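Reading the structure
The lines below spell out each chain.
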Amino acid sequence: MTSPFPMRFDIFTLFPEVFQPYLVVSILARARRQGAVEVQVHNIRDWTTDRHHVVDDEPYGGGGGMVMKPEPIFAAVEGVLGRPPRAPVILLTPQGRPFTQAVARELARLPHIALLCGRYEGVDERVRQHLVTDEISIGDYVLTGGELAALVVLDAVTRLLPGVLGDPDAPAKDSHAAGLLEHPHYTRPPVFRGWEVPEVLRSGDHGRIARWRREQSLRRTWERRPDLLAQADLTPEERALIARWQTKER
Ligand code: 6GU
């Protein structure tokens, strides 16, 4: 089932054209058609009032680089969302709080959010202080602008909205959903270049399959992302299993 109202995203950017190609394919396109999500992309430059539509300027104090001016950003966000804005205004910035599956779930509960994409060296600090209500980073690396990060947030949140994925349990099975990486997947053919699909997956024994998948999921997380295990929801038996791997390793 889909909710009667779409979750609404208003995206504020200097490069609106980068969003369209992603909005028209796959899950995002279907979610929009279903009415699960509504996405409006706004060009901040459209809210400039000067002849040359200037959106950036040199930083006070010098040091090079350019800073996004506050006036067009306030005009755009307040023009669309009201004053004060009627939705959370999230700035995409490498200084924001880390984006995780838990943050995606938190945002998916909201009816409406605005995503503000920074460019150049950053936005005037008064935008952060007096307009922005939350700041998100998608990882510890530097992008040219917040546009890719906004698409990441939009994608991760949209697929959690009711009715967007065919299988209502799908989000619960994803990597990171339970704080663990997912188990390996196989499809036909059963043998490809001599490489076989594990026998257990063809056994039809759903109990065995579920246990195998859980162990693979634990094993992968232990090998690749041991940092996740501290927070993961594990049984005492599972903790013991990992402790045995730990001792065997040495
Ligand atoms: Cl949200 N923006 C930019 N410019 N760079 C980033 C980022 C965001 N998250 C990680 N790197």
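Another point: the domain arrangement of the protein. Split by domain assignment, the protein resolves into domain 1 (7-158) and domain 2 (175-249). Spacing between the C-alpha centres of domain 1 and domain 2 amounts to 37 Å.

Where nonpolar side chains cluster on the molecular surface, the patch consists of Y22, V24 and V25 and spans about 250 Å² of accessible area. Structurally, V24 is set in the loop between α1 (20-23) and α2 (26-34). The class of V24 is partly exposed, set by a relative accessible area of 46%.

Turning to the layout of surface pockets, a few remarks are in order. There is about 510 Å³ of room inside the largest pocket. Along its surface, the largest pocket is lined by 18 residues, and F99, T100, Q101, A102 and H176 are the ones closest to its centre. Elements that contribute at least two residues to the lining of the largest pocket include exactly α4 (101-108), α6 (147-158) and α9 (226-229). Considered class by class, the residues forming the lining of the largest pocket number 8 nonpolar, 5 polar and 5 charged. Per-domain counts for the lining of the largest pocket show at least three residues from each of domain 1 (7-158) and domain 2 (175-249). In this structure, the second largest pocket encloses a volume near 420 Å³.

Right, let's talk about the packing of aromatic side chains for a bit. Within the structure shown, the criterion is met by 2 aromatic pairs. When the centroid spacing of 5.5 Å and the interplanar angle of 40° are considered together, the rings of W222 and W245 count as tilted. Here W222, found in helix α8 (residues 206-224), pairs with W245, found in helix α10 (residues 236-249); they are 23 residues apart in sequence, far enough to count as distant. Of the two residues, W222 and W245, both sit in the buried class.

Turning next to the nonpolar core. With 33 residues, the main nonpolar core has F9, L107 and L115 as its most contacted residues. The set of elements that each furnish at least two residues to this core consists of β1 (7-13), α2, β2 (37-43), β5 (89-98), α4, β6 (112-117) and α6. Of the residues forming this core, the biggest block, 7 residues, is contributed by α6. In contact with L115, not counting residues within four places along its chain, are F9, D10, I11, F12, I90, L92, A150 and V153.

A few words now on the site of the ligand. Inspection of the region around the ligand gives L92, T93, P94, I136, S137, I138, G139, Y141, L143, G145, G146 and A149 as its neighbouring residues. One nitrogen or oxygen atom from the side chain of S137 is found 3.3 Å from a nitrogen atom belonging to the ligand. When the free accessible area of the ligand is taken as 290 Å², the share hidden by the protein chains comes to 96%. Of all the cavities here, the one that holds the ligand is the second largest pocket. Partitioning the shell around the ligand into residue classes produces 7 nonpolar, 5 polar and no charged.

So, on to the pattern of salt bridges. Tallied over the full model, the rule gives 15 salt bridges. The salt bridge partner of R214 is E238, with a shortest N-O separation of 2.6 Å. With R214 in helix α8 and E238 in helix α10, this residue pair connects regions lying 24 residues apart in the sequence. Between D227 and R225 there is a salt bridge, with its nearest N and O atoms 2.9 Å apart. On the basis of relative accessibility, which here comes to 48%, the residue D227 falls in the partly exposed class. With a relative accessible area of 32%, R225 lands in the partly exposed category. Within the structure, one salt-bridge network assembled from shared partners comprises R97, E106 and D134.

Parameters and conventions
- Residues numbered from 1 in each chain as written.
- Predicted model: local features only at pLDDT ≥ 70, side-chain atom pairs only at ≥ 80, totals over all residues.
- Heavy atoms only, no water.
- Domains from an automatic or database assignment.
- Patch = residues over 30% accessible without salt bridge, like charges linked within 9 Å, V, L, I, M, F, W, Y side chains within 5 Å.
- Areas by Shrake-Rupley, 256 points an atom, 1.4 Å probe, with all protein chains shown as cover.
- Salt bridge = Lys/Arg side-chain N within 4 Å of Asp/Glu carboxyl O.
- Helix = DSSP H or I, 4+ residues; strand = E, 2+ residues; numbered from the N terminus.
- Buried < 20%, exposed > 50% of the residue type's maximum accessible area, 1.4 Å probe, protein only.
- 1 Å grid on protein atoms, 1.4 Å probe; cavity = no way out; pocket = protein on both sides within 12 Å on 5 of 7 lines; lining within 4 Å.
- Points joined across faces, edges and corners; volume = space filled by probe spheres on them.
- Nonpolar A, V, L, I, M, F, W, Y, C, P; charged D, E, K, R; others polar.
- Phe/Tyr/Trp six-rings, centres within 6.5 Å; stacked < 30°, edge-to-face > 60°.
- Core = buried A, V, L, I, M, F, W, Y, C linked by side-chain atoms within 4.5 Å.
- Contact = heavy atoms within 4.5 Å.
- Near = heavy atom within 4 Å.
- Polar contact = N/O pair within 3.5 Å; in protein donor to acceptor, adjacent residues only side chain to side chain.
- Sits in = over half its atoms within 2 Å of the grid points.

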